[in-house]
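Structural description and commentary
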Amino acid sequence: TSYQLRNKEMTVAAIPYFFSVPTPTDGILSYVWKMNGEPIANQSNDPSSITLRQSGEEVGQGLIAVEVAHANQILQTARNTFSIYFGRSTTPLLP
């Protein structure tokens, strides 16, 4: 899946459906966000979401990955990735 960063920032949320927790922000869940394989520092109080910001005028793409794990239920893990294109779009028809 690919997305175009159309504005200077975009917030993305990871919702772990079917995990045995009352809310996605339950402290028993751990979230690891990465961009191009490197950890991203989450500056939000909500570990289930991250805000991506473009700081300059560069054009390019990044691969965003998130992994969610339940501390007590070892089979409750999930991982997903998507590409983010930033700067002037060179790829048509991205959502």
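What follows concerns unusual backbone geometry. Positive phi outside glycine occurs at Phe18, with the angle close to 70°. Positionally, Phe18 belongs in the loop between strand 2 (9-13) and strand 3 (29-35). The backbone of Asn36 shows a phi angle near 55°, a positive value even though the residue is not glycine. Tracing the chain through its elements places Asn36 in the loop between strand 3 and strand 4 (38-39).

Scanning the model with the defined rule gives 2 aromatic pairs in all. Ring geometry for Tyr3 and Phe82: centres 5.7 Å apart, planes at 80°, overall edge-to-face. Here Tyr3 is found in strand 1 (residues 2-4), whereas its partner Phe82 is found in strand 7 (residues 77-86), with 79 residues between them in sequence. A residue is classified by how much of its surface remains accessible, and Phe82, at 11% relative accessible area, is buried. On the basis of an interplanar angle of 55° and a centroid distance of 6.5 Å, the ring pair of Tyr17 and Phe18 is categorised as tilted. The exposure class assigned to Tyr17 is exposed, which follows from its relative accessible area of 61%.

With that settled, the discussion passes to the nonpolar core. Ranked by internal contacts, the top residues of the largest apolar core, which has 15 residues, are Tyr31, Trp33 and Val68. Looking at this core, the elements that each hand over two or more residues are strand 3, strand 5 (49-53), strand 6 (60-70) and strand 7. Those residues within four positions of Val68 in sequence are excluded, and the remaining contacts are Ala14, Pro16, Phe19, Leu29, Ser30, Tyr31, Gln76, Thr77 and Ala78.

With that settled, consider the pairing of strand 3. The pairing of strand 3 with strand 6 spans 7 bridges and is antiparallel. Bridging across to strand 6, Val32 finds its partner in Glu67. Judged from the 2 bridges that link them, strand 3 and strand 4 form a sheet pairing that is antiparallel. Across the sheet, the residue bridging to Lys34 is Pro39, located in strand 4. Taking the residues that link successive antiparallel strands as the turn, the strand 3-strand 4 hairpin has 2 residues, and the phi of Asn36 there is positive, at about 55°.

What counts and what doesn't
- Residues numbered from 1 in each chain as written.
- Predicted model: local features only at pLDDT ≥ 70, side-chain atom pairs only at ≥ 80, totals over all residues.
- Heavy atoms only, no water.
- Helix = DSSP H or I, 4+ residues; strand = E, 2+ residues; numbered from the N terminus.
- Phe/Tyr/Trp six-rings, centres within 6.5 Å; stacked < 30°, edge-to-face > 60°.
- Buried < 20%, exposed > 50% of the residue type's maximum accessible area, 1.4 Å probe, protein only.
- Core = buried A, V, L, I, M, F, W, Y, C linked by side-chain atoms within 4.5 Å.
- Contact = heavy atoms within 4.5 Å.
- Pairing = 2+ DSSP bridges.

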